[in-house]
Amino acid sequence: MISVEEAMARVTAAFAPLPGEEVSLENALGRVLAEDVHATVSHPPADVSAMDGYAVRAGDVAETPASLTVVGEAPAGGCYEGEVAPGEAVRIFTGGTVPRGADAVVMQENTERDGATVTVKKSSDPGTHIRPQGQDFKSGDMGLAAGRRLGPHDIALAAAMNMSHLSVRRKPRIAVLSTGDELTPPGKTPGPDHIPGSNGPALVAFIESRGGEAVDLGIAPDDEGTLASLAAGAKGSDAFVTSGGVSVGDHDIVHNALGPCGLEVDFWGVAMRPGKPVMFGRLSDTPFFGFPGNPVSTLVCAVVFLGAAMDAMLGTAGRGSGEIPVRLACELKSNGKRQDFMRVRLSHDAEGNLTATPFPKQDSAMLSVLAEADGLLIRPPLAPAAKAGDLASVIALRPHLMAS
Ligand code: AMP
Ligand code: MG
């Protein structure tokens, strides 16, 4: 049995970044940049007003009140073509280009207008309320780096940089097959000895939530021939994941079924809890994961191993481990040889520290607990007993809920 660390290293080494493809901005949310994004325009394109008011020569309003003649207008998207001469002002609006000759903007609230005359009641230093050309970014500046997963704010920046399309990593195509005679598709009436299969939908959702494209191959019975023929549907995928049938029981048939189809095992068994029987290797050309069937084991293996594989394929590997430091809310016993991934609830203590409270029930068949959990607390192998308040690491399962 190898360590989680060793298993992660072998998984990561088996995947390389996928090629890039062009997508339009509307389709870029959640995708990962394959190339750096450089601005093709400057923002703002010229010196522009940050206020509604009057563009003036600062020298003209050093002494106030000062009366100036309004000679024109500079709305956003327009400009005043002339030059502002001494004693003159131009009515300007937020985003309007500051006309030549003017070097300050007086906000409307500090003026009084009477026909073609504006009286400025407060002096303005040069540069006041002017956003200089290129203040945000200049043409050619790098705005977004390859490897970034695009959020709404990134799409905004790319649009402002005048990009209509972006080069993003192709979505990893990952085939998913559930195994087990006891499984029925969710929504069908299960027989007395049957349960609705949850690993298939869970893995599909995990893959899609991480920016992949899942190919659901359905449920295979515990029959080697049928399993092998359904597994053929994984050909051409970037990875293939099965759930169930990898522990050493009579019906743990994934290895036997896929052996004749070209399965080469890299590792089978990792010192972790849950997830110990996890298998990794290749099925012909396709990297293969055999996850244990217990629903929590499958999801923990997905978070740890499939997540690492997808990071490697998307080129996001090494951009933060996804682990966050927390304080323990209670004491924990010393750990054995297996790395533990404990389901925990996260909250803030009175001092504002993020603290983790393990659920009393850590059974790897309990999806109700996993669904309530905010994170997986990592207990390294042989970790000594820990006290309340000690530091620990958590893999956040709901990162968007973590903002305090
Ligand atoms: P296995 O790894 O095949 O021995 O399965 C271990 C446990 O997980 C058994 O109780 C199975 O019924 C359960 N299990 C396996 N696959 C699934 C699935 N897709 N959905 C829900 N439970 C499953
Ligand atoms: Mg099974």
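Residues numbered from 1 in each chain as written. Chains lettered and ligands numbered in written order. Predicted model: local features only at pLDDT ≥ 70, side-chain atom pairs only at ≥ 80, totals over all residues. Heavy atoms only, no water.

A. Highlighting the overall build of the protein. Along its length, the protein carries seven helices and 26 strands. On C-alpha atoms alone, the protein measures out to a radius of gyration of 30 Å, which is more than a quarter above the 22 Å that the 2.2 N^0.38 rule sets for 404 residues. Along the first, second and third principal axes, the C-alpha atoms of the protein reach 95 × 50 × 40 Å. Taking all 404 residues of the protein together, the buried fraction comes to 44%. Residue pairs in contact within the protein that sit at least 24 positions apart in sequence constitute 70% of those at least 6 positions apart. Looking at the protein as shown, the accessible area adds up to about 19,200 Å², and 52% of this sits on carbon and sulfur atoms. Taking the 33 positively charged and 48 negatively charged side chains of the protein as two groups, their mean positions are separated by 5 Å. (Helix = DSSP H or I, 4+ residues; strand = E, 2+ residues; numbered from the N terminus. Rg over C-alpha atoms; globule rule 2.2 N^0.38 Å. Buried < 20%, exposed > 50% of the residue type's maximum accessible area, 1.4 Å probe, protein only. Contact = heavy atoms within 4.5 Å. Areas by Shrake-Rupley, 256 points an atom, 1.4 Å probe, with all protein chains shown as cover. Lys, Arg positive; Asp, Glu negative; His and termini not counted. Charge placed at Lys NZ, Arg CZ, Asp CG, Glu CD.)

B. The arrangement of the sheet that holds strand 17 (residues 239-243) in detail. Across the sheet, six strands lie side by side as 16-13-17-21-20-18; this open sheet has mixed pairing. At either end of the open sheet lies a strand with only one pairing partner, and these are strand 16 (213-220) and strand 18 (263-268). Each neighbouring strand pair of the sheet contributes to a mean axis angle of 20°, computed without reference to strand direction. Relative to strand 21 (residues 286-291), strand 20 (residues 279-283) runs antiparallel, the two sharing five bridges. (Pairing = 2+ DSSP bridges. Axes fitted to C-alpha atoms, helices over the stretch in contact; angles between N-to-C directions.)

C. Main features of the nonpolar core. Judged by nonpolar contacts, the single largest core of 40 residues is most densely connected at F289, F305 and L306. If you list the elements that add at least two residues to this core, you get helix 1 (4-13), strand 13 (173-179), helix 3 (199-209), strand 17, strand 21, helix 6 (295-314) and strand 25 (375-379). Broken down by element, this core gets its largest block of residues, 13 residues, from helix 6. When residues are assigned to domains, this core turns out to be shared by domain 1 (4-15 + 171-314) and domain 4 (323-402), each giving three or more. Ignoring anything within four residues of it in the chain, the contact list for F305 reads V4, A7, M8, V11, V270, M272, V278 and F289. Among the nonpolar cores identified, the runner-up in size contains 18 residues, and L217, A234, I253 and M279 belong to it. (Core = buried A, V, L, I, M, F, W, Y, C linked by side-chain atoms within 4.5 Å. Domains from an automatic or database assignment.)

D. Geometry of the sheet that holds strand 6 (residues 88-92). The strand order across the open sheet built from six strands is 7-4-6-5-9-8, with neighbouring strands paired in mixed fashion. In the strand order of this sheet, the two ends are held by strand 7 (104-107) and strand 8 (111-114), each with one partner. Here the strands of the sheet are splayed against their neighbours by 40° on average, with no regard to which way each runs. Across five bridges, the pairing between strand 5 (residues 66-74) and strand 6 is parallel. Looking at strand 6, one finds that V70 is bridged to A89.

E. Region of the structure containing helix 4 (residues 224-231). Within helix 4, the full set of buried residues consists of L227, A228 and A231. Seen from one end, helix 4 has its buried residues packed into an arc of 100°, which puts them on one side. At its buried positions, helix 4 is contacted by strand 13, strand 16, strand 17 and helix 5 (254-258). (Arc of directions from axis to C-beta.)

F. Spatial organisation of the packing of aromatic side chains. According to the stated counting rule, one finds seven aromatic pairs in the structure shown. Look at F267 and F280: their rings are 5.5 Å apart centre to centre, the planes differ by 35°, and that puts the pair in the tilted class. Here F267 is found in strand 18, whereas its partner F280 is found in strand 20, with 13 residues between them in sequence. When sorted by exposure, F267 lands in the same class as F280, which is buried. An aromatic cluster of at least three residues, connected via ring pairs, comprises F15, F267, F280, F289, F291 and F305. Above the ring of Y54, the side-chain terminus of R91 is found at 5.1 Å from the ring centroid. (Phe/Tyr/Trp six-rings, centres within 6.5 Å; stacked < 30°, edge-to-face > 60°. Lys NZ or Arg CZ within 6 Å of the ring centre and 35° of its normal.)

G. The layout of surface pockets, seen in detail. Size it by volume and the second largest pocket reaches roughly 350 Å³. Forming the walls of the second largest pocket are 22 residues, and the residues nearest its centre are E182, N199, G244, G293 and N294. Put simply, the parts of the chain that give the lining of the second largest pocket at least two residues each are strand 15 (195-196) and helix 6. (1 Å grid on protein atoms, 1.4 Å probe; cavity = no way out; pocket = protein on both sides within 12 Å on 5 of 7 lines; lining within 4 Å. Points joined across faces, edges and corners; volume = space filled by probe spheres on them.)

H. Structural detail: the pairing of strand 20. Counting buried positions along strand 20 gives four out of five residues, so the element sits mostly inside the fold. Bridge count for strand 18 against strand 20 is five bridges, and the pairing is antiparallel. Its bridge partner lying in strand 20, E264 is registered against R282.

I. Seen up close, unusual backbone geometry. Here the residue pair H43 and P44 is connected by a cis peptide bond, since its omega of -10° sits within 30 degrees of zero. By the secondary structure assignment, P44 is in the loop between strand 2 (37-38) and strand 3 (48-49). That bond from T64 to P65 is cis: its omega, 0°, falls within 30 degrees of zero. By secondary structure assignment, the location of P65 is in the loop between strand 4 (53-56) and strand 5. Positive phi outside glycine occurs at L382, with the angle close to 60°. Secondary-structure assignment places L382 in the loop between strand 25 and strand 26 (391-396).

J. Spotlight on the side chain of S364. In this fold, S364 is placed in the loop between strand 24 (354-358) and helix 7 (367-372). Not counting chain neighbours up to four residues away, the residues in contact with S364 comprise P274, N294, P295, V296, S297 and R343.

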